[in-house]
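Close look at the chain arrangement
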Amino acid sequence: MPTDNKRLQIWKKFKRNFLNSGSMECFDTHIHSEGKGITELKAMAEAGIKHVISCAYYPVVPSYSSTLIDMFRKLTSFEVERGKKAGLELIPAVGVHPRCICRGWEKALKWVEENAEVIGEIGLECASDVEVEVLSAHLGIAKKLDLPCIVHTPKNNKLKVTEKVLKIVDASGIGEELVVIDHATPKTVEEILKKGYYAGLTVQPGKISVEEVISIVEKHGFEKFVLNSDTGFNDFEALTVVETANALKEKFDEKDVKKVAIENGKKIFKK
Ligand SMILES: [Zn+2]
């Protein structure tokens, strides 16, 4: 394990490489800024990331709905300011993550209804009845208020749970242009696009690789994808969107790359 000092050195070198590469402006459509230090947020901004969506997530199952509400309040005030200080436009997304469902979640949902600009991260993890109920309730609010949504799909049982997510989103009647089905893989992309939703491509170890993104856009074009890192309480993955955009730029027309790197995100999240 590298020491903290060594880690810092690696991070600085990593940052320098990006600064020298003439990166294009990017939109990371799914992060958890609360897990990032100000140095890392600044590095993201310096590497070319202009906008981020910071999604609500609590790393342990909360004991009370008020924990969720305070987390939403922090995200929509303190984190937005921290983003600004780092040079990022930080757009908060609030909602009850499927791994954060606690007793009294309805109260947290009321706060979402009264305050959300973007709803997320919502979705299914193991597709239990309560997860389905919570997801449907969020989608009902999003449809009523015309709000964009970031919808999580899990690592396990990916295809089956994604199909279930798509069924629930369909049933809600929400506009296709408001929905990002996130953490898509080469196996789930087709189903998502068939329904007309956007697919979120999360580039990080254990999700998908830069090479997989290249083959996905090669096959399906650039119109219906957004890039993200899902960086949060983990290590050095904060710049994968820039890394991916740079790799795409070497292979494809810059005009097309810009769509997945920034423009589609701006369209969905009305920025
Ligand atoms: Zn996430």
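What counts, and at which threshold
- Residues numbered from 1 in each chain as written.
- Predicted model: local features only at pLDDT ≥ 70, side-chain atom pairs only at ≥ 80, totals over all residues.
- Buried ≥ 20, exposed ≤ 12 C-beta atoms within 10 Å, placed from the backbone.
- Helix = DSSP H or I, 4+ residues; strand = E, 2+ residues; numbered from the N terminus.
- Arc of directions from axis to C-beta.
- Contact = placed C-beta atoms within 7 Å.
- Axes fitted to C-alpha atoms, helices over the stretch in contact; angles between N-to-C directions.
- Parallel < 35°, antiparallel > 145°, perpendicular 65-115°, else oblique.
- Left-handed = near helix turned anticlockwise from the far one by under 90°.
- Nonpolar A, V, L, I, M, F, W, Y, C, P; charged D, E, K, R; others polar.
- Pairing = 2+ DSSP bridges.
- Right-handed = clockwise from strand over helix to strand, strands pointing away.

1. What to know about helix 4 (residues 78-86)
- For helix 4, the full list of buried residues reads E79, G83 and A86. Axial view of helix 4: buried residues confined to an arc of 65°, hence all on one face. Relative to its buried face, helix 4 has exposed residues pointing more than 90 degrees away, namely E81, K84 and K85.
- The elements touched by buried residues of helix 4 are helix 2 (38-46), strand 2 (49-55), helix 3 (65-76) and strand 3 (89-94).

2. Concerning the packing of helix 3 against helix 5 (residues 105-115)
- Packing of helix 3 against helix 5 leaves a shortest axis separation of 7 Å and a crossing angle of 25°. As far as their axial angle goes, helix 5 and helix 3 are roughly parallel. Crossing handedness for the pair helix 3 and helix 5: right-handed. Taking contact as the criterion, the partners of S65, L68, I69, F72 and T76 in helix 3 are, on helix 5, W105, K107, A108, W111 and N115.
- Residues that form the contact of helix 3 with helix 5 fall into these classes: six nonpolar, three polar and one charged.

3. With respect to the sheet that holds strand 8 (residues 225-228)
- Strand order across the open sheet formed by eight strands is 1-2-3-4-5-6-7-8, with parallel pairing between neighbours. Bordering the open sheet on either side are strand 1 (26-31) and strand 8, each of which pairs with just one other strand. Averaged over neighbouring strand pairs, the angle between their axes works out to 25° when direction is ignored.
- Pairing geometry for strand 7 (residues 198-202) and strand 8, over four bridges, is parallel. By the bridge assignment, L201 is partnered in strand 8 with L227.
- Helix 6 (residues 129-145) contacts strand 4 (118-123) and strand 5 (149-152) of the sheet and is inclined by roughly 160° relative to strand 4.

4. What to know about helix 9 (residues 210-220)
- When helix 9 is considered as a whole, its buried residues turn out to be V213, I216 and V217. Down the axis of helix 9, the smallest arc covering the buried residues is 90°, so these residues share one side. Along helix 9, the residues that are exposed and aim more than 90 degrees away from the buried face are E211, S215, E218 and K219.
- Contacts from the buried residues of helix 9 go to helix 8 (189-194), strand 7, strand 8, helix 10 (240-251) and helix 11 (254-268).
- G221, located one to two residues past helix 9, shows a positive phi value of around 80°.

5. Thoughts on the packing of helix 2 against helix 4
- One way to put it is that helix 2 packs onto helix 4 with a least axis distance of 8 Å and a crossing angle of 55°. What the angle tells us is that helix 2 and helix 4 run oblique. The handedness of the crossing between helix 2 and helix 4 comes out as right-handed. The residues of helix 4 that touch helix 2, namely those facing I38, L41, K42 and A45, are R82, G83, K85 and A86.
- For the contact of helix 2 with helix 4, the residue count by class is four nonpolar, one polar and three charged.

6. A closer look at the environment of K143
- Mapped onto the fold, K143 is located in helix 6.
- Overall, the presence of 15 C-beta atoms within 10 Å leaves K143 in the partly exposed class.
- Not counting residues up to four positions away in its chain, the partners in contact with K143 are S172, G173 and I174.

7. Some remarks on the pairing of strand 8
- Every second residue of strand 8 is oriented toward a common face, with F225 and L227 on one face and V226 and N228 on the other, all of them buried.
- Each parallel crossover has a hand, and the one from strand 7 via helix 9 to strand 8 is right-handed.

8. A short note on the pairing of strand 3
- Counting buried residues along strand 3, five of its six residues qualify, which places the element largely inside the surrounding structure.
- Bridge count between strand 2 and strand 3: five bridges; the pairing is parallel. Of the residues in strand 3, the one forming a bridge with C55 is A93.

9. Quick look at the environment of E40
- Looking at the secondary structure, you find E40 in helix 2.
- Residues E40 and L159, spaced 119 residues apart in sequence, show a C-alpha to C-alpha distance of 33 Å.

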